[in-house]
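# Summary of the model geometry
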Amino acid sequence: MAERLQHSIGGQPTPAQATEWDVVYNPATAEVIGEVPIDDEGAVDRAVTAAHAAFASWAQTPILERARVMFRYRELLWTHREELAALVTREHGKILSDALGEVGRGIEVVELAAGAPSLLKGEVLQEVAHGVDAMMLRVPLGVVAGITPFNFPAMIPLWMIPPAIVSGNTFVLKPSERTPLTSLRLLELLYAAGLPPGVINLVHGGRVVVDALLQHRGIRAISFVGSQPVAEHVYRTAAATGKRVQALGGAKNFHVVMPDADLARTVEALVASAYGSAGERCLAGSVVVAVGDIADRLVEAMRSKAELLRVGSGTMPETEMGPLIRPVHRQRVASYIDRGIEEGATLVVDGRKGSYPSLGFFLGPTLFDHVSPEMAIAREEIFGPVLSIMRHPDLATAVAVANQSDFGNTATIYTNSGAAARYFRDHIQAGMVGVNIGVPAPVAWFPFSGWKHSFYGDLHATGTDAFMFYTERRVMTTRWWSE
Ligand code: NAD
């Protein structure tokens, strides 16, 4: 029988009193690997109470000691990286090498957080008037909460937890109900690194738990990552209750291929970007704009690569693309293939055809050509292995078309021309820009910087933004008379 998952409250596994439960699948086999409580406001309240009880003492723990927990956590995550990656593959389906990469990117945020003694330094200006000094101190907010999506079960909780707690806050995590196992393990390892009880807590659930977190008067800030409509809802609701919010939403990422691009390397990058993790990445390439006379060669090269991609269980070393997360999502992605055909695009590779393991939630790579900007496949986030190719005569038109998108997470140009790359950098409306890079994910020392409807808020995740987000600034002015 599948294990019934528990919350983690006050440093202890805590049985849920939920009346509703959901199942966690291994998407490659359709095996039920866990039962997750879809709990309610009561569980949120217990977790927030535990986080409050832990706050005063944690906030007063010397910063060097808080940073040392991060050093120990980093070592534990590194030692357990293969175990964590296997867990990610088991509950998400992505191939093991992608899962290992994800764990590695998460570890980098812990490395960033270990530098907190430098990052949390304040500022002093002496003698702003006779005998008067001014100083700025960074102080933690209190209890903060994180709400995470299914697609990076290790990395995205690690975007939030290390900078938040090393800054002296205590934390309540609500992981995705579709991939909750990795988060539970991340917490166990954090406590094994020496974190005092209650500094991090985890509550399982869905919409009701999220709304309870957004409304809770004991929570000072919300970090959210997920789809655009929920990000907007989270931003509006939490801001209306006076909370600080960073809400990272969906994406529709454009890749512009110039006639002078290195075709073989570009195709390799595009295939990895569009079909890696079955397209279930907020940085996945979704629309390619082929500029000028490269289009026919590009489509042909993409077709032969996509047709050869090995789809199967992420645990098999030869697999290049795993399953989608759930049958209902597979159905939704497949419906976009019908939609593209109806709207007049040319279906070059059809992911619905092909022989895949029968029990898992598989859909093969799909490629459309002659896509136009008004089609749904060019505008809406599909979040699956469907790539659309458009053809345009010049870079300026390609950028103008890309800029029509409601989203602005990431965009890439493939070129050998510095002038084209600079034009792209200066005119494309996206917060993370790549040049000859299929997945231009910033390293932890930079902000994860979506624009437009890909982000709601001011301060982004990771980088120095994270430390600004999770601290309040207190300015102190002092006067001492010398006689
Ligand atoms: P989702 O929005 O369905 O769920 C995200 C979280 O919100 C989950 O914890 C879920 O339980 C909760 N939730 C879902 N519906 C809700 C509702 N109606 N009210 C309140 N809470 C709700 O997202 P997902 O399917 O888990 O993840 C995929 C999405 O996340 C994609 O749109 C992807 O682009 C986006 N994403 C964005 C980034 C980024 O950095 N911008 C990174 C990863 C994923």
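Here the structure is a predicted model, which means the values were calculated and not measured.

## Quick word on the overall build of the protein chain
Looking only at helices and strands, the protein chain has 16 helices and 22 strands in total. Its C-alpha atoms give the protein chain a radius of gyration of 23 Å, within 12% of the compact-globule value 23 Å for 483 residues. Dimensions of the protein chain, computed from the C-alpha atoms along their principal axes, are close to 80 × 65 × 40 Å. Here the protein chain contributes 42 positive and 50 negative side-chain charges, whose respective centroids are spaced 3 Å apart.

## A short note on the environment of Tyr 336
Take Tyr 336: it is sitting in helix H12 (residues 327–342). Sequence spacing of Tyr 336 and Thr 49 is 287 residues, and the spatial spacing of their C-alpha atoms is 45 Å. Apart from residues lying up to four places away in sequence, Tyr 336 is in contact with Phe 368, Ala 376, Ile 377, Glu 380, Glu 381 and Ile 382.

## Brief notes about helix H8 (residues 207–215)
Three or more residues of H8 are buried, namely Val 209, Val 210, Asp 211, Ala 212, Leu 213 and Leu 214. Summarising the contacts, the buried residues of H8 are in contact with helix H1 (41–59), strand S7 (143–147), strand S8 (170–174), strand S10 (221–225) and helix H9 (228–240).

## Topic: the sheet that holds strand S18 (residues 410–414)
Here seven strands make up an open sheet; going across it, the order is S14-S15-S16-S13-S12-S18-S19 and the pairing mixed. Unpaired on one side and paired on the other, strand S14 (346–349) and strand S19 (432–435) mark the two borders of the sheet. Neighbour-to-neighbour, the strand axes of the sheet open up by a mean angle of 20 degrees, direction not taken into account. Sheet topology places strand S13 (residues 285–291) next to strand S16 (residues 386–392); five bridges connect them, and they run parallel. By the bridge assignment, Val 288 is partnered in S16 with Ile 389. Sitting on the sheet, H12 is in contact with S14, strand S15 (366–369) and S16, with an inclination near 20 degrees to S15. Here helix H14 (residues 395–402) sits on the sheet in contact with strand S12 (253–257), S13, S16 and S18, set at roughly 175 degrees to S12.

## A few points about the domain arrangement of the protein chain
Frequently, the measure chosen for interface size is the accessible area that the parts lose on association. Partitioning the protein chain into domains gives domain 1 (7–249 + 454–477) and domain 2 (253–435). Averaged C-alpha coordinates put domain 1 and domain 2 at centres separated by 31 Å. Contacts between the two partners involve 22 residues from domain 1, matched on the other side by 24 residues from domain 2. Of the roughly 1900 Å² buried at the junction of domain 1 and domain 2 (both faces included), carbon and sulfur atoms supply 62%. Counting the contacts that link domain 1 with domain 2 gives zero salt bridges. One can count seven residue pairs in polar contact (both at pLDDT 80 or more) joining domain 1 with domain 2. Going through the elements one at a time, strand S3 (21–26), helix H3 (81–92) and helix H4 (96–114) are the ones with two or more residues in the side of domain 1 that touches domain 2. Residues that form the side of domain 1 that touches domain 2 fall into these classes: ten nonpolar, eight polar and four charged.

## A word on the pairing of strand S6 (residues 132–140)
Note that strand S5 (residues 123–129) and S6 share four bridges and pair antiparallel. The partner of Val 124 across the bridge, within S6, is Met 135. Here S6 runs beside strand S22 (residues 471–479); their pairing, made up of nine bridges, is antiparallel. Along S22, the bridge assignment pairs Pro 140 with Thr 471.

## Details of the layout of surface pockets
In this structure, the largest pocket occupies an estimated 800 Å³ of space. In terms of lining, the largest pocket is formed by 33 residues, of which the most central are Pro 149, Arg 178, Gly 226, Ser 227 and Val 230. The residue makeup of the lining of the largest pocket, split by class, is 14 nonpolar, twelve polar and seven charged. Taken together, domain 1 (7–249 + 454–477) and domain 2 (253–435) each give at least three residues to the lining of the largest pocket, which thus spans both.

## As for the side chain of Ser 372
Tracing the sequence through the fold places Ser 372 in the loop between S15 and helix H13 (376–379). Within polar-contact distance, the side chain of Ser 372 engages the side chain of Glu 374 at 2.9 Å. Apart from the residues lying within four places of it in its own chain, the contact partners of Ser 372 are Ala 378 and Met 390.

## Examining the sheet that holds S5
Sheets are built from strands that pair by backbone hydrogen bonding, the pairs being arranged parallel or antiparallel. Read across the open sheet, the three strands follow the order S5-S6-S22; overall the sheet is antiparallel. Each end of this open sheet is capped by a strand with a single partner; those strands are S5 and S22. Neighbour-to-neighbour, the strand axes of this sheet turn through a mean angle of 25 degrees, independent of strand direction.

## With respect to the site of the ligand
Close to the ligand lie 28 residues; Lys 174, Glu 177, Arg 178, Ser 227 and Glu 381 are nearest. At 3.2 Å from an oxygen atom of the ligand is found a main-chain nitrogen or oxygen belonging to Gly 226. A distance of 2.8 Å separates a nitrogen atom of the ligand from a polar atom in the backbone of Gly 249. In the complex, the protein chains occlude 88% of the 840 Å² of accessible area that the ligand would expose alone. When each cavity is represented as a set of grid points, the ligand is found to reside in the largest pocket. For the shell around the ligand, the secondary structure elements donating two or more residues are helix H6 (155–166), H8 and S10. Taken domain by domain, the shell around the ligand gets at least three of its residues from each of domain 1 (7–249 + 454–477) and domain 2 (253–435).

## Structural notes on the pattern of salt bridges
As enumerated under the stated definition, the model contains 24 salt bridges in all. The salt bridge involving Glu 307 is made with Arg 303; its shortest N-O contact spans 2.8 Å. Here Glu 307 and its partner Arg 303 are both found in helix H11 (residues 295–308), four residues apart, which amounts to about one turn of the helix. Ionic pairing is found between Glu 320 and Arg 310, a salt bridge with its closest N-O pair at 3.9 Å. Highlighted residues: Glu 320 in the loop between H11 and H12 and Arg 310 in the loop between H11 and H12, separated in sequence by ten residues. For Glu 320, a relative accessible area of 33% gives the class partly exposed. Because the salt bridges share partners, they merge into one network encompassing Asp 338, Asp 350, Arg 352 and Lys 353.

Parameters at a glance
- Along each chain, the written sequence defines residue order, and numbers are assigned to residues from 1.
- Per-residue local features are limited, in this predicted model, to residues with pLDDT of at least 70; the limit for side-chain atom pairs, both in listing and counting, is 80 or more; totals at the level of whole chains, interfaces and linings are taken over all residues.
- Water and hydrogen atoms play no part in the side-chain values, which are based on all heavy atoms of the structure.
- Every helix listed is a DSSP run of H or I at least four residues long, and every strand listed is a run of E at least two residues long, numbered separately from the N terminus.
- Our radius of gyration looks at C-alpha atoms and nothing else; its globule reference is 2.2 Å times the residue count to the power 0.38.
- We treat Lys and Arg as the positive residues and Asp and Glu as the negative residues; His and chain ends play no part in the count.
- Lys charges are placed at NZ, Arg charges at CZ, Asp charges at CG and Glu charges at CD.
- Note on contacts: a residue pair qualifies if any of its non-hydrogen atoms lie within 4.5 Å across the two residues.
- Throughout, exposure labels follow a simple rule: accessible area from a 1.4 Å probe, protein chains only, divided by the maximum for the residue type, with under 20% read as buried, over 50% as exposed, and the rest as partly exposed.
- Two strands pair if DSSP finds at least two bridges between them.
- Only C-alpha atoms enter the line fits that serve as axes; for helices the fit covers just the stretch in contact. Angles between N-to-C directions range over 0 to 180 degrees.
- By convention here, the domain bounds are inherited from an automatic or database domain assignment.
- Two parts placed together each lose some accessible area under a 1.4 Å probe, and the buried area is that loss summed for both.
- When a carboxyl oxygen of Asp or Glu is within 4 Å of a side-chain nitrogen of Lys or Arg, the pair counts as a salt bridge.
- Pairing of N or O atoms within 3.5 Å defines a polar contact, subject to two protein rules: one partner must be a possible hydrogen donor and the other a possible acceptor, and residues neighboring in sequence count only if both atoms are side-chain atoms.
- Side-chain classes are defined by residue name, with Ala, Val, Leu, Ile, Met, Phe, Trp, Tyr, Cys and Pro counting as nonpolar, Asp, Glu, Lys and Arg as charged, and the others, Gly among them, as polar.
- In this analysis, the protein atoms alone were mapped onto a 1 Å grid. Cavities are point sets where a 1.4 Å probe fits without being able to get out; pockets are open sets with protein on both sides within 12 Å along at least five of seven lines; lining residues have an atom within 4 Å of a point.
- Grid points are joined across faces, edges and corners, and a volume is the space filled by probe spheres set on the points.
- In this text, near means that some heavy atom of the residue lies within 4 Å of the molecule or strand in question.
- Note on areas: Shrake-Rupley with a 1.4 Å probe; residue coverage comes only from the protein chains shown.
- Cavities and pockets are treated as containing a molecule whenever more than half of the molecule's atoms lie within 2 Å of their grid points.

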